[in-house]
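Here is how the chains run, residue by residue.
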Amino acid sequence: MIIKRVKASKVKDKGAHIGDLIKYITNNKEEALAAGQEADWRVGVLISRGFICDDVPSQIAEMVALSSECVKSKNPVNHYVMSWKEGEHPTDAQANEAVDIFTKHLGLDGCQVIAAMHRDTENRHLHVAVNRIDPDTHQAREINNGLDIEAAHEAAALIQHKQGWTPEKNGRKFVSKRELQWQILRRLLKKMSCFVVS
């Protein structure tokens, strides 16, 4: 599995960025189904977390509203892509589990998330949009002291290990059972801030 962070356009404001990103990720699948039209074949399961509403247009409005609460953060919504190897086809349940592992490992559990599985290439890939604004404090959460891609690669290794996917040949992170236990312990200690862990 490969995980990448997609850089946001710097010319758009928060609302335009979020709206365009979510419409791209979901490909308006929900709207097509509601209108009785055939949904685009390239978008599989739609996943959302941390919203009051169930429909995508309302979730976009909620995400824009929450992101606007934190004026210090110019672009609090991160876009990641998780890509499986050719021939690997995660189920809807595995995609949901991957989102849960990913957001929890990055310290973003409880934050707003919209994700969708895309099937338009040889490699199934999951687009994930995460609003880093904490819904309770309205402050932006920092991921791994600004090194979010490192935490994302660790999350990929955890997902591969838990779901039994083939690790990338030159992947940045590999997980043995002992290493997995150490990573979990290290993250817990770091969150507790009672020990300096290197």
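Here, every reference points to the structure presented above.
Residues numbered from 1 in each chain as written. Predicted model: local features only at pLDDT ≥ 70, side-chain atom pairs only at ≥ 80, totals over all residues. Heavy atoms only, no water.

## What about the layout of surface pockets?
The computed volume of the largest pocket comes to approximately 350 Å³. Taken together, 16 residues make up the lining of the largest pocket; nearest its centre are Arg 5, Lys 7, Ala 8, Lys 10 and Asn 75. Residues of the lining of the largest pocket, tallied by class, amount to three nonpolar, five polar and eight charged. (1 Å grid on protein atoms, 1.4 Å probe; cavity = no way out; pocket = protein on both sides within 12 Å on 5 of 7 lines; lining within 4 Å. Points joined across faces, edges and corners; volume = space filled by probe spheres on them. Nonpolar A, V, L, I, M, F, W, Y, C, P; charged D, E, K, R; others polar.)

## Focus: the sheet that holds strand E3 (residues 77–83)
Sheet architecture is open: five strands sit in the order E1-E3-E5-E4-E2, paired in antiparallel fashion. With partners counted over all chains shown, the strands left at the sheet margins are strand E1 (2–6) and strand E2 (43–49), one partner each. This sheet shows a mean twist of 15 degrees between the axes of neighbouring strands, independent of strand direction. Sheet topology places E3 next to strand E5 (residues 125–131); seven bridges connect them, and they run antiparallel. Bridge pairing in E5 links His 79 to Ala 129. On top of the sheet, helix H3 (residues 56–68) reaches E2, E3, strand E4 (113–118) and E5; it is set at about 45 degrees to E5, its chief contact. (Pairing = 2+ DSSP bridges. Helix = DSSP H or I, 4+ residues; strand = E, 2+ residues; numbered from the N terminus. Axes fitted to C-alpha atoms, helices over the stretch in contact; angles between N-to-C directions. Contact = heavy atoms within 4.5 Å.)

## Some remarks on the pattern of salt bridges
Pairing of side chains with opposite charge becomes possible as their charged atoms draw close. Applying the stated criterion to the full structure yields four salt bridges. One salt bridge in this structure joins Asp 148 and Arg 5, with 3.3 Å as the shortest N-O distance. Linking Asp 148 in helix H5 (residues 148–163) with Arg 5 in strand E1, this pair joins segments that are 143 residues apart in sequence. For Lys 162, the salt bridge goes to Glu 97, with nearest N and O atoms at 3.7 Å. Of this pair, Lys 162 sits in helix H5 while Glu 97 is found in helix H4 (residues 92–105), placing the two residues 65 residues apart along the sequence. Accessibility expressed as a relative area gives 57% for Lys 162, which makes it exposed. (Salt bridge = Lys/Arg side-chain N within 4 Å of Asp/Glu carboxyl O. Buried < 20%, exposed > 50% of the residue type's maximum accessible area, 1.4 Å probe, protein only.)

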